Structure formats: structure tokens, C-alpha cells
Amino acid sequence: MGKFEARIPTDRVYSDNHLWLQADGKPNCYRVGFTAYSVRLLQDVYFLEWSIDAHSAVHKKQEIGEIESSKAVSTLYAPADGTILDFNERLLDDPSAINTDGYDKGFLFRMQTDVMFLTPDEYVSHLAAGWDKTEKLIKGQYN
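Here we summarise the structure given alongside this text. Since the structure is predicted, the reported quantities are computational estimates derived from the model, not experimental observations.

1. With respect to the packing of aromatic side chains
Two numbers describe a pair of aromatic rings. These are the distance of the centres and the angle of the planes. Inspection of every chain in the model, using the stated rule, returns five aromatic pairs. For the ring pair Tyr14 and Tyr123, a centre distance of 4.8 Å and an interplane angle of 15° mean the geometry is stacked. Of the two residues, Tyr14 sits in strand S1 (residues 13-14) while Tyr123 sits in helix H4 (residues 120-129), which places them 109 residues apart along the sequence. The exposure classification of Tyr14 matches that of Tyr123, with both residues buried. An angle of 35° between the planes, with centres 6.0 Å apart, marks the rings of Trp20 and Tyr103 as tilted. Of this pair, Trp20 sits in strand S2 (residues 19-23) while Tyr103 is found in the loop between helix H3 (96-100) and strand S9 (109-112), placing the two residues 83 residues apart along the sequence. For the pair Trp20 and Tyr103, a shared accessibility class is recorded, and that class is buried. Cluster of aromatic residues (ring-pair linked, three or more members): Trp50, Phe87 and Phe109. Its end group placed over the ring of Trp20, Arg12 keeps NZ or CZ at 4.5 Å from the ring centre.

In C-alpha cells:
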């Protein structure tokens, strides 16, 4: 799909809203961050703000914050029902790690949830199924 190769690490699971979730040592606890696909669409991220507090219960697709990039201001949504445990505070001062180290130091928050997510292979299939729409969006042709 497309000209640019995207890393999709196999040591984590994925949400349908293009976030990765990596087990964080405690049962049902995950570090959560943007996939390479998300970062590619957002382009250069330079501002991040949360609209909820740590330890907040959330529902899937609930608004939890906002991110600003060179391309747009975008709302951030919870990937699943659960509890946001805490945020990666380093990103509030300097969100550049989202762009440069998105699968490690650029993680967004930690979350507790018992929801089942997409495997890496299922996530690739999810990307492929929406590729036509994505291609138009990247080219600026989507209305």
C-alpha cells in the first residue's frame, strides 16, 4: 500500500483508530501510542493537550484530547472502554518523540482495559481495507 513502508511491530496489538497498545507488565495494562500510519497522516506533530485527567474512566471513541500538527488540529479518541492511568508527561513539553520514536518514547498514555484488539496481521488487513480512502486523504482529494 503506497510508496512508504510503515513499521508495524509484532510485539503489540492495534486499535481500529490507528493506535498501538503494548502490554505494560500488569494485567490488562498497556502503553498506547500512534501507529506509523497515524503519524504519516498527521505529519509533524508539535502540540498535544489532554481534555481528561489521569485515572479517568473512558468509553471507546470518547474525546480525550487534541493534537496539532503541520497538517491539522485533530481530536484524540479513546481506543476502547477502560481507564486512562496516566499520560506521558514528557510529550506535553516536547511532543517531537511522537514523530521520531513513536513506538517507544513517543507513547501517549497508559491505559487499563480488558478489550481484545487487532493482531498485527488483522491491523494490516484493516489498513488494506481502507487504503483507497486513505490514498485520497493523503493526496488531499477527500471531502
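Here the narrative resumes, following the displayed structure.
2. Describing the nonpolar core
Membership of the largest hydrophobic core comes to 26 residues, with the highest contact counts inside it found for Phe34, Ile98, Leu108 and Phe109. Among the elements of the structure, S2, strand S3 (29-34), helix H1 (36-42), strand S4 (45-50), strand S6 (63-69), strand S8 (82-87), H3 and S9 are those that each provide at least two residues to this core. If we skip the residues at most four places from it in the chain, Ile98 touches Phe34, Val39, Val45, Leu48, Ile67, Leu91, Gly106 and Leu108.

3. Quick notes on H4
Inspection of H4 places Pro120, Tyr123 and Leu127 among the buried residues, and these make up the whole buried set. Along the axis of H4, the buried positions cluster into a sector of 55°, meaning they face one direction only. Exposed residues pointing more than 90 degrees away from the buried face of H4 are listed as Asp121 and Ala129.

4. Things to note about the sheet that holds strand S7 (residues 73-77)
Reading across the sheet, the three strands line up as S4-S6-S7 and stay open at both edges, with antiparallel pairing between neighbours. Sheet topology places S4 and S7 at the edges, where each strand pairs with a single neighbour. For this sheet, the mean angle separating the axes of adjacent strands, direction not counted, is 25°. Bridge count between S4 and S6: five bridges; the pairing is antiparallel. Residue Glu49 lies in a different strand from S6, and its bridge partner there is Glu66.

5. As for the sheet that holds S3
Strand order in the open sheet formed by six strands is S1-S2-S3-S9-S8-S5, and the pairing between neighbours is antiparallel. At either margin of the open sheet sits one strand with a lone partner, and together these are S1 and strand S5 (56-58). As judged from the five bridges shared by S2 and S3, these two strands associate in the antiparallel manner. What sits directly across from Gln22, in S3, is Arg31.

6. Section: the environment of Asp44
The residue Asp44 is located in the loop between H1 and S4 in this model. For the pair formed by Asp44 and Ala72, sequence separation is 28 residues and the distance between their alpha carbons is 9.7 Å. Among residues more than four places away in sequence, those in contact with Asp44 are Glu68, Ser69, Ser70 and Asn99. Within polar-contact distance, the side chain of Asp44 engages the side chain of Asn99 at 3.1 Å.

Parameters at a glance
- Residues numbered from 1 in each chain as written.
- Predicted model: local features only at pLDDT ≥ 70, side-chain atom pairs only at ≥ 80, totals over all residues.
- Heavy atoms only, no water.
- Phe/Tyr/Trp six-rings, centres within 6.5 Å; stacked < 30°, edge-to-face > 60°.
- Helix = DSSP H or I, 4+ residues; strand = E, 2+ residues; numbered from the N terminus.
- Buried < 20%, exposed > 50% of the residue type's maximum accessible area, 1.4 Å probe, protein only.
- Lys NZ or Arg CZ within 6 Å of the ring centre and 35° of its normal.
- Core = buried A, V, L, I, M, F, W, Y, C linked by side-chain atoms within 4.5 Å.
- Contact = heavy atoms within 4.5 Å.
- Arc of directions from axis to C-beta.
- Pairing = 2+ DSSP bridges.
- Axes fitted to C-alpha atoms, helices over the stretch in contact; angles between N-to-C directions.
- Polar contact = N/O pair within 3.5 Å; in protein donor to acceptor, adjacent residues only side chain to side chain.

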